Amino acid sequence: MKDCSVYIHISFCARKCAYCDFVSFADAAHQIDEYLAALETEMQTACRSYGGIKASTLFVGGGTPSILETEQLARLFSSIRTFISLDECREFTVECNPGTLTPEKLAVLREYGVNRLSLGVQTFDDRLLRVLGRIHTSREAADTISLAHDMGFHNISVDLMHSLPDQSLDDLQASLETAVSLPIRHLSCYSLIVEEHTPMAVMHARQPQRFPSEDDSLSMQRLCTATLARHGFERYEISNYAQPGFESLHNFTYWRRGDYLGLGLAAHSLMNGERFSNTESLDDYLNGLRRNEVQTLTDDDVYEETVMLGLRTREGVRADILPPKALSRLVRQGLMTVRDGRARVTEDGADVLNAIILELI
């Protein structure tokens, strides 16, 4: 039986957000039942291939998994229980949108052992929520968090975004203060990335002055770190903050390059030193044409991934795998530290992480 983290992709949502380039569909709810059937088949195939799957962590993401109806959620979780062992699963997360979560759905999540919720709030500013194309209001987001907590979910994570069009430092500060006033344990604070072929890219091309400069974006990142630290949220990865003991175990599998199996449309995997992914075509996936080409990683691939992922976290990487001259120079510049055989970026280094990574690889 293979012990690994498991990711399951639910590729449906109520509406595509203005910034989203993920593989998800806002007009395909009629295909959800067919998709769940295809997903069951893939789970069964994976179970046979690996002699069974034992999930150390499980993350159901999307898309918007909480768009599924109550009965569909129960079907999904029942299939997971059938084909994947959760006996030693330490963290079972489901990604949810406040505009699609109900008490009935939360009850199903509790029944099937979900112990962590990841809520895509993005901002508690209604004006900015409209700019992003979100379907919920700030009040709905706050009420959903309180409801989930009252129903027994005490490990709640919230996604926030910064560097949004027309967003000021005061706007961001207000969202952060609202977030930490709620019963949450974890925040992911991401800078907006303007992806090609999205409505946000069109806005950026037509009105670039509405978007913060690089310096403004850096100021916003620093504001997140300072504000959250005052409220007991430690920065343990470049974009992630948690109260002690509530770091994302599932994400650490990615950052440590542990084995993880991705199931569902466009899901990615790293298993036994090989990377592979599923098709991004919904029709192909429903017709059973799932797996893309397998990539066997070279030593150089492993080194680059180890550096790029490890330096994002407070754990850092083993110092002895890094080029000594480059590492010494970065330490002298105050961008990295070495302690107990581990090399880590400093707060100043975190501001220029990409440049540091290029220096080391």
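Keep in mind the model is a prediction, meaning the values are calculated, not measured.

Colleague: Where do I start with the pairing of strand β16 (residues 342–345) in this structure?
Modeller: The side chains of a regular strand alternate between the sheet's two faces. In this sheet, β16 lies alongside strand β14 (residues 317–318) in antiparallel orientation, the contact comprising two bridges. Residue pairing in the sheet places Arg318 in a bridge with Arg342 of β16. Following strand β15 (residues 336–339), the chain reverses through two residues before pairing antiparallel with β16; Asp340 in that reversal takes a positive phi of roughly 55 degrees.

Colleague: Looking at this model, I keep getting lost on the pattern of salt bridges. Mind explaining?
Modeller: If the charged atoms of two oppositely charged side chains come close together, the side chains can form a pair. This model, assessed by the stated rule, comprises 18 salt bridges. With a shortest N-O distance of 2.5 Å, Asp259 and Lys2 are connected by a salt bridge. Of this pair, Asp259 sits in the loop between α9 (249–255) and β10 (260–263) while Lys2 sits in strand β1 (residues 2–10), and the two are 257 residues apart along the sequence. Asp259 sits in the partly exposed class, given a relative accessible area of 23%. Take Lys2: its relative accessible area is 16%, and that puts it in the buried class. Between Arg318 and Asp320 there is a salt bridge; the shortest N-O distance is 3.0 Å. The partly exposed category is assigned to Arg318, whose relative accessible area is 46%. The exposure class of Asp320 is exposed, given its relative accessible area of 59%. Through salt bridges that share partners, Asp125, Arg127 and Asp171 make up one connected network.

Colleague: So what exactly am I meant to see when it comes to the sheet that holds β15 here?
Modeller: Whether parallel or antiparallel, the strands of a sheet pair through hydrogen bonds between backbone atoms. The three strands are arranged β14-β16-β15 in an open sheet whose pairing can be described as antiparallel. Across the chains shown, the open sheet's two edge strands, defined by having one partner strand only, are β14 and β15. Both β15 and β16 contribute to a ladder of four bridges, which runs antiparallel. Its bridge partner lying in β16, Met336 is registered against Val345.

Colleague: Could you clarify how one ought to interpret the nonpolar core in this entry?
Modeller: Taken as a class, soluble globular proteins show a tendency for nonpolar side chains to be buried jointly. Counting residues in each nonpolar core, the largest one holds 71 residues, and the members touching the most others are Ile8, Leu76 and Phe77. Looking at this core element by element, the count peaks at seven residues for helix α1 (residues 32–49). When sequence neighbours within four positions are dropped, the list of residues in contact with Leu76 reads Ile10, Leu36, Leu39, Met43, Val60 and Leu68.

Colleague: Looking at this model, I keep getting lost on α1. Mind explaining?
Modeller: Given 3.6 residues to a turn, an α-helix orients residues that are three or four positions apart in the same direction. With 18 residues, α1 extends 25 Å from end C-alpha to end C-alpha; this agrees with the ideal 26 Å at 1.5 Å per step. On its buried face, α1 sits against β1, β2 (53–62), α2 (70–83), β10 and α10 (282–286). Just downstream of α1, Gly51 is the residue with a positive phi angle, here 65 degrees.

Colleague: What am I meant to see in the pairing of strand β12 (residues 274–277) here?
Modeller: The pairing of strand β11 (residues 268–271) with β12 spans four bridges and is antiparallel. Pairing of Leu270 across the sheet is with Arg275, part of β12. Here β12 runs beside strand β13 (residues 295–296); their pairing, made up of two bridges, is antiparallel. In the sheet register, Glu274 faces β13, and the bridge partner there is Thr296.

Colleague: So what exactly am I meant to see when it comes to the packing of aromatic side chains here?
Modeller: Given two aromatic rings, one states the distance between the centres and the angle between the planes to describe the pair. Counting across every chain of the model gives nine aromatic pairs. Aromatic side chains Tyr7 and Phe59 sit 6.1 Å apart centroid to centroid with 25 degrees between the ring planes, which places their arrangement in the stacked category. Highlighted residues: Tyr7 in strand β1 and Phe59 in strand β2, separated in sequence by 52 residues. Owing to a relative accessible area of 11%, Phe59 belongs among the buried residues under this scheme. Among the aromatic side chains, those forming a connected cluster through ring pairs are Phe12, Tyr35 and Tyr285. Between Arg256 and the ring centre of Phe252, over which it is positioned, the NZ or CZ distance is 4.4 Å.

Quick notes on the rules
Residues numbered from 1 in each chain as written. Predicted model: local features only at pLDDT ≥ 70, side-chain atom pairs only at ≥ 80, totals over all residues. Heavy atoms only, no water. Pairing = 2+ DSSP bridges. Helix = DSSP H or I, 4+ residues; strand = E, 2+ residues; numbered from the N terminus. Salt bridge = Lys/Arg side-chain N within 4 Å of Asp/Glu carboxyl O. Buried < 20%, exposed > 50% of the residue type's maximum accessible area, 1.4 Å probe, protein only. Core = buried A, V, L, I, M, F, W, Y, C linked by side-chain atoms within 4.5 Å. Contact = heavy atoms within 4.5 Å. Expected span 1.5 Å × (residues − 1). Phe/Tyr/Trp six-rings, centres within 6.5 Å; stacked < 30°, edge-to-face > 60°. Lys NZ or Arg CZ within 6 Å of the ring centre and 35° of its normal.

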